[in-house]
Amino acid sequence: TDREPIIAFLLEIFEYLIEEKECIKIVDHKRDNGSTALHEAVFHNHKDIVQYLLPKCNLKIDTKSDYLPLHHTFKGGKCSNDEIANMLLKRYLEQFEQNGQGNPEKLKKKLIANTPNSSHWEHNEAAYEEKIKNFFKEPIGKWKRRKKTE
């Protein structure tokens, strides 16, 4: 498509700034509305940029606008990009466990409780909650088995 060269160029810029110039702070830089580069990449379904930024981002479950990058994968009452949603949920889970913040059940509850306070969000709420619950069905079991064997 016409956008592919632009996305490739943006990735080159990120790589240059982050890896060559060591401007890692650019990854978590927030705009006036509280969104980051990851928010924008998710919102516009730029999987390559999301994939590049995710390992470098500090995913917090709060933003100034109350929208998590994950929220931007839901439009029109459904998950509009399942692949990006799964990538984000996996990263939230990895980061949550790395930071010793508790088990995945606690993260699941925290993600479900963090929904935007917006009338535009109401029609997405059920699909969002269902996606999170379905995602955590298998990883929670894996997490419990892994803990028992340690």
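We now turn to the structure provided with this report. (Residues numbered from 1 in each chain as written. Predicted model: local features only at pLDDT ≥ 70, side-chain atom pairs only at ≥ 80, totals over all residues. Heavy atoms only, no water.)

Turning our eyes to something else, we now look at the overall build of the chain. Broken down by element type, the chain carries 7 helices and 2 strands. Going from N to C terminus, the chain has its helices and strands arranged as α-α-α-α-β-β-α-α-α. Considering the chain as a whole, with its 150 residues, one finds that 40% of them fall into the buried category. Long-range pairs, those at least 24 residues apart, make up 66% of the contacts in the chain between residues at least 6 apart in sequence. Carbon and sulfur atoms form 49% of the exposed surface of the chain, whose accessible area is close to 9300 Å². (Helix = DSSP H or I, 4+ residues; strand = E, 2+ residues; numbered from the N terminus. Buried < 20%, exposed > 50% of the residue type's maximum accessible area, 1.4 Å probe, protein only. Contact = heavy atoms within 4.5 Å. Areas by Shrake-Rupley, 256 points an atom, 1.4 Å probe, with all protein chains shown as cover.)

Let us now look at the pattern of salt bridges. Under the counting rule described, the total for this entry stands at 6 salt bridges. Linking E40 and R31 is a salt bridge whose minimum nitrogen-to-oxygen distance equals 2.9 Å. Owing to a relative accessible area of 25%, E40 belongs among the partly exposed residues under this scheme. The class of R31 is partly exposed, set by a relative accessible area of 47%. Ionic pairing is found between E94 and R91, a salt bridge with its closest N-O pair at 3.6 Å. Of this pair, E94 and R91 both sit in helix α5 (residues 82-98), 3 residues apart, which is roughly one turn of the helix. (Salt bridge = Lys/Arg side-chain N within 4 Å of Asp/Glu carboxyl O.)

Let us look at a negative patch on the surface. A surface patch of like charges, here negative, comprises E12, E15, E19 and E20. Within the secondary structure, E20 sits in helix α1 (residues 4-20). (Patch = residues over 30% accessible without salt bridge, like charges linked within 9 Å, V, L, I, M, F, W, Y side chains within 5 Å. Lys, Arg positive; Asp, Glu negative; His and termini not counted. Charge placed at Lys NZ, Arg CZ, Asp CG, Glu CD.)

A surface patch of nonpolar side chains, about 350 Å² in accessible area, is lined by I6, F9, L10 and I13. Examined against the element boundaries, I6 turns out to sit in helix α1.

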